[in-house]
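If you want the building blocks of each chain, they are given just below.
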Amino acid sequence: MRNERIGDYLVSQGLITEEQLQKVLATQKESNGAKKFGDVVVELGFMTEINFTKALAGKLRVQYVDLDNTDINTDAVQKVPEALARKHTVIAIAITGKRLTVATNDPVNFIVLEDIKVSTGMDTVPVLATTSAINKAIGKCYSMQNVDSVLEGVTAMASDLGGPMDEEANDRVESAPIVKLATTIVENSFRADATDIHIEPFDKYTRIRIRVNGDLVELMNISSAVHSALTTRFKLISGMNIAEKRIPQDGRFTQVVDGTTLDVRVSSLPMVHGEKIVIRILSTGQIALRKITDLGMSDYNYQLFESMLRVPHGVILVTGPTGSGKTTTLYAALGEIAKPNVNVVTVEDPVEKAIDGINQCQVNQKAGMTFAAALRSILRQDPDIVMIGEMRDTETADIGIRAAITGHLVLSTLHTNDAASTVVRLVDMGVAPYMVATSLIGVIAQRLVKVLCPNCKRARMSTDEENELMGIPSSIQIYEPVGCPNCNNTGYRGRTAIHEIIHCTAKVSAIIAAGGGKEEIEAAAKANGTKLLRDNASELVQAGETSIDELVRSTFSV
Ligand SMILES: [Zn+2]
């Protein structure tokens, strides 16, 4: 009954159509009531989880809480045991007198609230949050306690052994503390939004660092005694040869954390004090492909990018240093142009995310499957759109450009600092200037900048020197990072991209064909409306989204 009424409410609010409601109810019926109404609405793509939860809050007259941007009180968290929190998908977030505020995805479930009341002896005030936000918060808030207990287990094990566990390590990797440690490391890294994990052996200890928002931060230090067992555990689950410790290896495994399936890539490299393991976390499945509207482009750049993608053949290049989000942009572009009536083929190293409906091909250097070799075969398979992970060498660049001239749309990346240098680099690589000029549709240079934590950023007036950096005449209010529990005391939360797009107009093409240099190309592009990376970063600083430090770091480094 309740579900039906929620459905009718959504229809009356114009949030879903009557037809969609019938589909949801039918799907729910098929599952014999095992699926909740809200889950089905989200699963069928009729509403986002956040929008559904907000609508539900409106209907039930319960407050909606965005847990990602809420200060969660640790004393409140600890009132509810972890097992209970996980069982009911709830997290206590605040204490007011004798009342405990509890975030739940089901505020009308009185059994849950009763359970918590009995367990804590406090009155409960329910607020509504999304299931995924609650699961993430549970992971984050309880995980530090887990780390302590896991480390205790590992330390006890190390002291039992009285020395390094080298020879018998293989028996130990299946032992509970090591398995738990490996799992906990991946869990905590994912919950901290880390992209990479470094497990680094030193003489006296092993350091574990994670990369968050582009910077490495320390996660924990562990005893050297367990290093070998831990690395062996990771090698074992990622399918490497655990007996081989003298040469680098790579492998992969999957792990489910808080309902998200992670695709985890592992590589090992022998060092003086043992093998260093680097783990890259790629999420699959649940995390949807970004749309080009979600890339953080300014309106001007977005229009330009979109018009470039509509050109039927030619080359579009995305450039920037490693970790500047080039692949995300390429994938978003593919998502935009991959229609059922075109054949889209990619050649990548590695394939970072599997995309439905696109033929993806993995480079395998050892087997002779290089970018160039793969590309030659792909071109024999009647493609319309080809995405080349990287134009790493002259041969690949040459084949790519020729493919564009013969009627294909080619997307690729290059490691250069800005858009204009990219053109010069292609010519330096040995591609004839007239070929570049004929085929190039445009170049997008990009960088990632950290976004200031909205919870703790501090306003102040800009100095003369900073005005000069931003290219503005007089002081304005800008923001600087501070640090609070919401942002792990870094002052930043998440990242956004800045872009610089050169569209190859007839004038720009003529300059390229004549062998023009970077300055000449850039000047022509600017006259045509191109905003440089620094202009883009300056806009973000002026809007209070990022700091002067980030502007300098992202646009002045070489
Ligand atoms: Zn903060």
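Residues numbered from 1 in each chain as written. Predicted model: local features only at pLDDT ≥ 70, side-chain atom pairs only at ≥ 80, totals over all residues. Heavy atoms only, no water.

Colleague: Could you give me a rundown of the overall build of the protein, with the residues and numbers involved?
Modeller: Of regular secondary structure, the protein possesses 22 helices and 18 strands. Taking 2.2 N^0.38 as the reference for a compact globule, 558 residues should give roughly 24 Å; the C-alpha atoms of the protein span a radius of gyration of 27 Å, in line with that estimate. Overall, the C-alpha framework of the protein stretches about 80 × 70 × 60 Å when taken along its three principal axes. The buried share among the 558 residues of the protein stands at 48%. In the protein, the 57 positive side-chain charges and the 67 negative ones have mean positions that sit 2 Å from each other. (Helix = DSSP H or I, 4+ residues; strand = E, 2+ residues; numbered from the N terminus. Rg over C-alpha atoms; globule rule 2.2 N^0.38 Å. Buried < 20%, exposed > 50% of the residue type's maximum accessible area, 1.4 Å probe, protein only. Lys, Arg positive; Asp, Glu negative; His and termini not counted. Charge placed at Lys NZ, Arg CZ, Asp CG, Glu CD.)

Colleague: With reference to specific residues and values, describe the sheet that holds strand β1 (residues 90-96).
Modeller: Here three strands make up an open sheet; going across it, the order is β1-β2-β3 and the pairing mixed. The two strands at the open ends of the sheet, each matched to only one other strand, are β1 and β3 (123-128). Ignoring strand direction, the axes of neighbouring strands in this sheet form an average angle of 30°. As defined by bridge partners, strand β2 (residues 99-104) adjoins β3 across six bridges and the pair is classed as parallel. (Pairing = 2+ DSSP bridges. Axes fitted to C-alpha atoms, helices over the stretch in contact; angles between N-to-C directions.)

Colleague: Before we move on, can you summarise helix α13 (residues 326-337) with the specific residues and values?
Modeller: An ideal rise of 1.5 Å per residue puts 16 Å on twelve residues; α13 measures up with 17 Å between its terminal C-alpha atoms. Among the residues making up α13, those that are buried are K326, T329, L330, Y331, A332, A333, L334 and I337. (Expected span 1.5 Å × (residues − 1).)

Colleague: Which residues make up the packing of helix α10 (residues 176-191) against helix α11 (residues 227-237), and what values go with them?
Modeller: Relative to each other, α10 and α11 sit at 70°, their axes nearing to 9 Å. Regarding the angle of α10 to α11, the classification is roughly perpendicular. Note that α10 runs across α11; the crossing there is right-handed. For the pair α10 and α11, the contacting residues are I178, V179, L181, A182, I185 and V186 in the first and A229, L230, R233 and F234 in the second. Residue composition of the contact of α10 with α11, by class: nine nonpolar, no polar and one charged. (Parallel < 35°, antiparallel > 145°, perpendicular 65-115°, else oblique. Left-handed = near helix turned anticlockwise from the far one by under 90°. Contact = heavy atoms within 4.5 Å. Nonpolar A, V, L, I, M, F, W, Y, C, P; charged D, E, K, R; others polar.)

Colleague: Any chance you could break down the packing of aromatic side chains for me, citing the residues and the numbers?
Modeller: Within the structure shown, the criterion is met by three aromatic pairs. Aromatic pair F202 and Y205: ring centres 5.5 Å apart, planes at 45°, arrangement tilted. Residue classification places Y205 among the partly exposed positions, given a relative accessible area of 34%. Taking NZ or CZ as reference, K59 lies 5.9 Å from the ring centre of Y9, over its face. (Phe/Tyr/Trp six-rings, centres within 6.5 Å; stacked < 30°, edge-to-face > 60°. Lys NZ or Arg CZ within 6 Å of the ring centre and 35° of its normal.)

Colleague: Would you mind going over the sheet that holds strand β18 (residues 492-503) in detail, with residue names and values included?
Modeller: The seven strands lie next to each other as β12-β11-β13-β14-β10-β15-β18, forming an open sheet whose pairing is mixed. Two strands bound the open sheet, and with one partner strand each, they are β12 (359-362) and β18. The sheet shows a mean angle of 20° between the axes of neighbouring strands, direction not considered. Direction of pairing for strand β10 (residues 314-319) relative to strand β14 (residues 409-414): parallel, over a ladder of six bridges.

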